[in-house]
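# Examination of the molecular architecture
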Amino acid sequence: MKFLKLLSIFFFIFSFEILNAQDNDLENKITKNLRCLVCQGQSVYDSDSEFANSLKLVIKQKLNEGLNEKQIYNFLKDKYGEWILYDPKFGKNTYFLWLLPLFLFVIGGAIVFKRFIIKKN
Amino acid sequence: MKNKILNISLVLLFIFIFLIFYRGLNNTNIYTPSKIIDKNIPTFSTTLLNSNIEISSEEIFVDERYYLMNIWASWCVPCRDEHPILLNLSRNYNIEIIGLNYKDRKENANLFLKKLGNPYKKILLDENGTEAIKWGAYGVPESFLIYKNRIIKKFIGPINLELFNDIKKIIK
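Presented here is an overview of the structure given in this document. All figures in this text were calculated on a predicted structure; none of them were measured in a lab.

This part is about unusual backbone geometry. Residues and elements named next belong to chain B. Residues Val140 and Pro141 are joined by a peptide bond in cis, for which omega reads -10 degrees. With respect to the helices, strands and loops of the structure, Pro141 is situated in the loop between α5 (130-134) and β7 (142-147). Backbone geometry places Asn50, a non-glycine residue, at a positive phi of 70 degrees. Among the structural elements, Asn50 can be located in the loop between β2 (45-47) and β3 (54-56). Positive phi is not limited to glycine here, since Lys148 has a value of about 50 degrees. Tracing the chain through its elements places Lys148 in the loop between β7 and β8 (150-156).

So, in structure tokens, the structure goes:
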């Protein structure tokens, strides 16, 4: 009897966890991609400020309303601007940020090619 | 010859990187929202302070007149600084001030108004801070000047004399 009771308790606890897991995953993913505006260097996920806590609630509401990840980002971008997103879009101010690694990679590749492959031949 | 090219390209690279960092010096690394925004007001519905009546944004901003949406809380110290200015605005100028009570206790909010006066035509409740986010606010106090259902100006922080004069000029 005791065993059954324990089993049912375990079952109850774990079934509860599974129910919430998916929603929380997406919510956490979104909040990790958002910059907390009142605390420097922290994401909304990491922060416990008033602003971040309210924002977490808003994201939960929006997910319940059926908005997807991209729509939520767009909603917040409209309210607070690009700054709230950690993932900067390719644009006039950020092209250098995106292209520099590629550029360095090509230069590095050229050096390696010249030094080692051409020399070998 | 080879060394010369290398040296020149090194110097060019250095200048290039220097310029980028130099430009970066002027960029702020804190959030600076734009102050002049020409945007529609958000649609929302929330309850009023001291009543359970739910009210929507369409019912609040109806007339063709200036509104000032002010986000405040009794625990917010700068809100006390701007309070006399809000009182002055509501008494002497043709503007309707709507309050959004942010993350506050009802008793404290009422005590605050009783002590310092009530400049607000209506006070909306925002118990968990989600309404303020719809306005793009991130702290208290913040105010929005509204005309014809559009936000024409945003004030972050308390309204001081300079901003008071700005508002006066706009609503004249």
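This part covers helix α3 (residues 77-92) of chain B. Residues and elements named next belong to chain B. At His83, α3 shows its strongest bend, of approximately 40 degrees, with the proline Pro84 following within four residues. Along α3, the residues classified as buried are Cys79, Glu82, His83, Leu86 and Leu89. Where α3 is buried, its residues touch β4 (66-72), β5 (95-102), α4 (106-116) and α6 (161-171).

Attention now moves to the interface of chain B and chain A. Counting residues at the interface gives twelve residues for chain B and 14 residues for chain A. Residue composition of the side of chain B that touches chain A, by class: six nonpolar, five polar and one charged.

Right, let's get into the sheet that holds strand β1 (residues 39-40) of chain B. On the basis of which strands lie adjacent, the open sheet formed by six strands has the order β1-β8-β7-β4-β5-β6 (chain B) and mixed pairing. A strand with exactly one partner marks an edge of an open sheet, and here the two such strands are β1 and β6 (122-126) of chain B.

Definitions and cut-offs
- Residues numbered from 1 in each chain as written.
- Chains lettered and ligands numbered in written order.
- Predicted model: local features only at pLDDT ≥ 70, side-chain atom pairs only at ≥ 80, totals over all residues.
- Helix = DSSP H or I, 4+ residues; strand = E, 2+ residues; numbered from the N terminus.
- Bend = angle between axes of the 7 residues up to and from the residue.
- Buried ≥ 20, exposed ≤ 12 C-beta atoms within 10 Å, placed from the backbone.
- Contact = placed C-beta atoms within 7 Å.
- Nonpolar A, V, L, I, M, F, W, Y, C, P; charged D, E, K, R; others polar.
- Pairing = 2+ DSSP bridges.

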